[in-house]
Amino acid sequence: MANTAQARKRVRQATEHRQRNMAQRSLVRTHIKKVQKAIASNDLPGAQEAFKNAVPVIDRVAGKGQIHSNKAARHKSRLNAQIKAMAQA
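Residues numbered from 1 in each chain as written. Predicted model: local features only at pLDDT ≥ 70, side-chain atom pairs only at ≥ 80, totals over all residues. Heavy atoms only, no water.

Asks: When you look at a positive patch on the surface in this model, what are you seeing that I'm missing?
Replies: A cluster of basic side chains, namely Arg25, Arg29, Lys33, Lys71, Arg74 and Arg78, defines a positive patch on the protein surface. Taken together, the elements giving at least two residues each to the positive patch come down to α1 (5–40) and α3 (69–88). Here Arg25 is to be found in helix α1. Here Arg25 falls in the partly exposed class, since its relative accessible area comes to 31%. (Patch = residues over 30% accessible without salt bridge, like charges linked within 9 Å, V, L, I, M, F, W, Y side chains within 5 Å. Areas by Shrake-Rupley, 256 points an atom, 1.4 Å probe, with all protein chains shown as cover. Salt bridge = Lys/Arg side-chain N within 4 Å of Asp/Glu carboxyl O. Lys, Arg positive; Asp, Glu negative; His and termini not counted. Charge placed at Lys NZ, Arg CZ, Asp CG, Glu CD. Helix = DSSP H or I, 4+ residues; strand = E, 2+ residues; numbered from the N terminus. Buried < 20%, exposed > 50% of the residue type's maximum accessible area, 1.4 Å probe, protein only.)

Asks: Sorry if this is basic, but what is going on with the packing of helix α2 (residues 44–63) against α3 here?
Replies: Axis angle and axis distance: for two packed helices, these are the angle between their axes and the distance between the axes, and together they describe the pair. Axis separation between α2 and α3 bottoms out at 10 Å; the angle between their running directions is 170°. Classified by the angle their axes make, α2 and α3 are roughly antiparallel. Across from Leu44, Ala47, Gln48, Phe51, Val55, Ile58, Asp59 and Ala62 in α2, the residues of α3 making contact are Ser69, Ala72, Lys76, Leu79, Asn80, Ile83, Met86 and Ala87. Grouping the amino acids of the contact of α2 with α3 by side-chain chemistry returns 11 nonpolar, three polar and two charged. (Axes fitted to C-alpha atoms, helices over the stretch in contact; angles between N-to-C directions. Parallel < 35°, antiparallel > 145°, perpendicular 65-115°, else oblique. Contact = heavy atoms within 4.5 Å. Nonpolar A, V, L, I, M, F, W, Y, C, P; charged D, E, K, R; others polar.)

Asks: What is the right way to read the nonpolar core from this model?
Replies: Side chains of nonpolar character tend, in soluble globular proteins, to be buried together. Val35, Ile39 and Ile58 are the most contacted members of the largest nonpolar core, which has 18 residues in total. At the level of secondary structure, the elements contributing two or more residues to this core comprise α1, α2 and α3. If you tally residues by element for this core, the top one is α2, at eight residues. Those residues within four positions of Val35 in sequence are excluded, and the remaining contacts are Ala47, Ala50, Phe51, Ala54, Leu79 and Ile83. (Core = buried A, V, L, I, M, F, W, Y, C linked by side-chain atoms within 4.5 Å.)

Asks: What is the right way to read the packing of α1 against α2 from this model?
Replies: Relative orientation of the contacting elements α1 and α2 amounts to 160°, with a least axis distance of 9 Å. Classified by the interaxial angle, the pair formed by α1 and α2 is roughly antiparallel. Crossing geometry of α1 relative to α2 is assigned as left-handed. Residues Gln24, Leu27, Val28, His31, Ile32, Lys34, Val35, Ala38 and Ile39 of α1 form the contact with α2, whose participating residues are Gly46, Ala47, Ala50, Phe51, Asn53, Ala54, Val57, Ile58, Arg60 and Val61. Per-class residue counts for the contact of α1 with α2 are 13 nonpolar, four polar and two charged. (Left-handed = near helix turned anticlockwise from the far one by under 90°.)

Structure (structure tokens):
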């Protein structure tokens, strides 16, 4: 266990940061799943709306460094490609 006041404070901060980071990553995964679910059900307007709502969330989390910016770009690119393929079919 932490013995100094500074170490106790760092434990508190780490716990708060970990909880916040987990919540943000979970939010990103939830938005991505909503888009994928709409794509799987061939709901083009729903998929486009879900994608439009997911992009700012993904960008915000990537901007804070909670996920890598390349990972965010990869998710957005793949989801957008699936929506475009669904629109053309």
